[in-house]
Amino acid sequence: METTLRGVGVSHGVAIGEVRHMGTAVLEPPAKQIPAEDAGREQGRARQAVEAVAADLMARGNLAGGEAQAVLEAQAMMAQDPELMADVERRIAVGSTAERAVYDAFASYRELLAGAGEYLAGRVADLDDVRNRIVARLLGVPMPGVPDSERPFVLVARDLAPADTALLDPSLVLGFVTEEGGPTSHSAILARALGVPAVVALPGAGELGEGTVVAVDGSTGEVFVEPSEESRERLESAAAERRAALAASTGPGATADGHKVPLLANVGGPGDVPAAVEAGAEGVGLFRTEFLFLEDGSRAPSEEKQTAVYREVLEAFPEGRVVVRVLDAGADKPLGFLTPSDEPNPALGVRGLRSLLDHPDVLRAQLSALAAAADGLPVYLEVMAPMVADRADARAFAEACREAGLRAKFGAMVEIPSAALRARSILQEVEFLSLGTNDLAQYTFAADRQVGAVSRYQDPWQPALLDLVALAAEAAGAEGKSCGVCGEAASDPLLACVLTGLGVTSLSMGAASIPYVRATLAKHTLAQCERAASAARAADSAEEARAAAQAVLSGE
Ligand code: PEP
Ligand code: MG
């Protein structure tokens, strides 16, 4: 009999197929004592396994490209961490086998990470994945990860490690469902980048029987277990309708009555540009430059390297608009040479613009690399700072941009509630605002964006979040300046209409979402979007806000 489970839809589309669970078994090697004369050989095996796993992760990264590549390369670096390796060798020297030493060394590193603050929730999953890969290699057993199957399937997992999501074969993996993760977790961002329907934070996902048929609706977050013939038909025809609407909608983003809302792409580097161009992005609304810095977390990339990478992205959008965000290090994206390692709460510590103001040389080098990259190109370059809290922050950033001789618009991201509340004062220093709704939700609700248990607060339909969006958009309107959204909220087609109704002037999202947002926006007038926005703000919960907006837009 059909049952319905509800999680958080994070990547559009419908997938119907059999459940296959991710191979997540933690391989615990037996603790046995080896003779002292075997220690050298075991240490050699451990080193070889680590090198092989790191090389495999790098190769997967090369294949995947874009944001996924940076994540996988960061994992490869974790595998090769010299302190971890030294610990493994020490354990072998006192009698452990190579596999047991790796297992125990990672366990103690894991404890250290887990106790050290919030951004580590996501990194612990990455670390476990690296450990499982090394141990599996040493034991000569299959790698944990995506199951082998001849037939396409719906992949179910507790959480997905970047190494797996990066190489999901969309022709074999119809969709995925995870028990953990929130709408702004790495898994969700990667799923959207791949264009695979996905539902996260689904309680009970782990208990779905292997081989059970499920229908996953990545737009609504519903998962139908053993769907009836009627449900299948309804979902399939809704999906077909959506596909037809997508194919029919092209050109710049606009409402039905011609109110223009440029649709831009979020990119992590040149690897993401082809998909953005193919989706018809009118430019880039968020270039997350930190992925370039994460490649070698121990120092900043050279100015020449930065210039070359920035230029590649800028050249892809001649006459278009490219909004580059300066380095956003810290919290879930720590960088060894910038991020303090002893912060009790890194998301509330020295991150984003705060790190750069503490390291003006890094900011200066990045801004001059950007100036050099844009030199002679007709592109409209805009540069913005993450985590701006107040006017003093905005002024410091604008001054740094002017000093670097940058010919671009300077802007501030609105990710902290104080910036939304005092948007007009910030706009005295900068020319545009861009709402980072992922962090804005995190800080408004005091809810870590990486923790599945608090994902309900990360729902961008929360009326409190919509109120802050409205404040920022109204302030920008009053100052005659622009205010875009580049957080994940922009990728929800219905919410995109509401954001437009709130006065947001552009929407930036993962390339795969652009056609969905374009098609939905084109069906509604600006006045309808405004009515939907008022209805959503009048609600008391995210669910009610969504339902109220839906009712207005479907003319109920
Ligand atoms: C945001 O916080 O909404 C945002 C766009 O930045 P990031 O997701 O990279 O923190
Ligand atoms: Mg952010």
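Residues numbered from 1 in each chain as written. Chains lettered and ligands numbered in written order. Predicted model: local features only at pLDDT ≥ 70, side-chain atom pairs only at ≥ 80, totals over all residues. Heavy atoms only, no water.

Regarding the overall build of the protein
Alright, step 1. Counting its regular elements, the protein contains 22 helices and 16 strands.
Alright, step 2. Projected onto its principal axes, the C-alpha coordinates of the protein cover approximately 80 × 65 × 40 Å.
Alright, step 3. Counting the 556 residues in the protein, one finds 56% classified as buried.
Alright, step 4. If you take every contact in the protein between residues at least 6 apart in sequence, the share linking residues at least 24 apart comes to 69%.
Alright, step 5. Surface accessibility of the protein: about 22,000 Å² in total, with carbon and sulfur atoms responsible for 51%.
Alright, step 6. Each charge sign in the protein was given a centre, from 48 positive and 78 negative side chains, and these centres are 2 Å apart. (Helix = DSSP H or I, 4+ residues; strand = E, 2+ residues; numbered from the N terminus. Buried < 20%, exposed > 50% of the residue type's maximum accessible area, 1.4 Å probe, protein only. Contact = heavy atoms within 4.5 Å. Areas by Shrake-Rupley, 256 points an atom, 1.4 Å probe, with all protein chains shown as cover. Lys, Arg positive; Asp, Glu negative; His and termini not counted. Charge placed at Lys NZ, Arg CZ, Asp CG, Glu CD.)

Details of the sheet that holds strand E14 (residues 432-435)
Alright, step 1. The parallel closed barrel is built from eight strands, whose spatial order is E9-E10-E11-E12-E13-E14-E15-E16. If you compare each strand with its neighbour and ignore which way they point, the axes differ by 25 degrees on average.
Alright, step 2. Where strand E10 (residues 283-288) meets strand E11 (residues 321-325), four bridges bridge the pair, whose relative direction is parallel. Among the inter-strand pairings, phenylalanine 287 is bridged to a residue of E11, identified as valine 324. (Pairing = 2+ DSSP bridges. Axes fitted to C-alpha atoms, helices over the stretch in contact; angles between N-to-C directions.)

Some details on the pattern of salt bridges
Alright, step 1. One pass over the structure, following the stated rule, counts 28 salt bridges.
Alright, step 2. One salt bridge in this structure joins arginine 20 and glutamate 18, with 3.3 Å as the shortest N-O distance.
Alright, step 3. On the basis of relative accessible area, arginine 20 is assigned to the buried category, the value being 16%.
Alright, step 4. In this structure, aspartate 129 engages arginine 133 in a salt bridge whose closest nitrogen and oxygen atoms are separated by 3.0 Å. You can see aspartate 129 and its partner arginine 133 sitting in helix H5 (residues 120-139), four residues apart, about one turn around the helix.
Alright, step 5. Taking relative accessible area as the criterion, aspartate 129 reaches 8% and is therefore assigned buried.
Alright, step 6. Residues joined in a network through salt bridges with shared partners are Glu290, Arg325, Asp328, Lys333, Arg351, Asp439 and Arg449. (Salt bridge = Lys/Arg side-chain N within 4 Å of Asp/Glu carboxyl O.)

A short note on a negative patch on the surface
Alright, step 1. Taken together, Glu229, Glu230, Glu233 and Glu236 make up a surface patch of like negative charges.
Alright, step 2. With respect to the helices and strands, the residue glutamate 236 is situated in helix H8 (residues 229-248). (Patch = residues over 30% accessible without salt bridge, like charges linked within 9 Å, V, L, I, M, F, W, Y side chains within 5 Å.)

Comments concerning the domain arrangement of the protein
Alright, step 1. When cut into domains, the protein gives domain 1 (3-23 + 145-230), domain 2 (36-139) and domain 3 (255-554).
Alright, step 2. Using only C-alpha atoms to locate each centre, domain 2 and domain 3 end up separated by 34 Å.
Alright, step 3. Counting from both sides, the interface comprises twelve residues of domain 2 and, opposite them, 22 residues of domain 3.
Alright, step 4. Taken together, both faces of the contact between domain 2 and domain 3 bury some 1,300 Å²; the carbon and sulfur share is 56%.
Alright, step 5. One can count zero salt bridges joining domain 2 with domain 3.
Alright, step 6. Linking domain 2 with domain 3 are zero residue pairs in polar contact (both at pLDDT 80 or more). (Domains from an automatic or database assignment. Buried area = accessible area lost by both parts, 1.4 Å probe. Polar contact = N/O pair within 3.5 Å; in protein donor to acceptor, adjacent residues only side chain to side chain.)

Describing the nonpolar core
Alright, step 1. Ranked by internal contacts, the top residues of the largest apolar core, which has 99 residues, are Val498 and Leu507.
Alright, step 2. Ranked by the residues each element gives to this core, the list is headed by helix H18 (residues 463-479), at nine residues.
Alright, step 3. With residues up to four places along the chain from it excluded, the contact list for leucine 507 reads Val261, Pro262, Leu263, Leu264, Val485, Ala490, Ala496, Leu499, Thr500 and Val517.
Alright, step 4. Core analysis: the next-biggest nonpolar cluster, separate from the first, contains 29 residues, Val50, Ala105, Leu113 and Val135 among them. (Core = buried A, V, L, I, M, F, W, Y, C linked by side-chain atoms within 4.5 Å.)

What to know about the site of ligand 1
Alright, step 1. Around ligand 1, the structure places 14 residues, and the nearest of them are Arg288, Arg325, Glu415, Asn438 and Arg449.
Alright, step 2. In the model, an oxygen atom of ligand 1 is placed 3.1 Å from a nitrogen or oxygen of the threonine 437 main chain.
Alright, step 3. Arginine 449 places a side-chain nitrogen or oxygen 2.7 Å from an oxygen atom of ligand 1.
Alright, step 4. Here ligand 1, which alone exposes 280 Å², has 99% of that area covered by the protein.
Alright, step 5. Here the element with the most residues in the shell around ligand 1 is helix H17 (residues 437-445); it accounts for three residues.
Alright, step 6. Residue classes in the shell around ligand 1 are distributed as three nonpolar, four polar and seven charged. (Near = heavy atom within 4 Å. Nonpolar A, V, L, I, M, F, W, Y, C, P; charged D, E, K, R; others polar.)

Side note on the coordination of the magnesium ion (ligand 2)
Alright, step 1. Distances from the magnesium ion (ligand 2) to its protein donors, Glu415 (OE) and Asp439 (OD), fall within 2.0 Å. Linking glutamate 415 in the loop between strand E13 (409-414) and helix H15 (417-421) with aspartate 439 in helix H17, this pair joins segments that are 24 residues apart in sequence. (Donors = N, O, S within 2.8 Å, 3.2 Å for Na, K, Ca; no water.)

Re unusual backbone geometry
Alright, step 1. Its identity is not glycine, yet glutamate 226 carries a phi of approximately 50 degrees, on the positive side.
Alright, step 2. With respect to the helices and strands, the residue glutamate 226 is situated in the loop between strand E8 (222-225) and H8.
Alright, step 3. In this structure, methionine 387 takes a positive phi of about 60 degrees despite not being glycine.
Alright, step 4. Locating methionine 387 in the fold gives a position in the loop between strand E12 (380-385) and helix H14 (391-403).
Alright, step 5. Residue class for methionine 387 comes out buried when judged on its relative accessible area of 1%.

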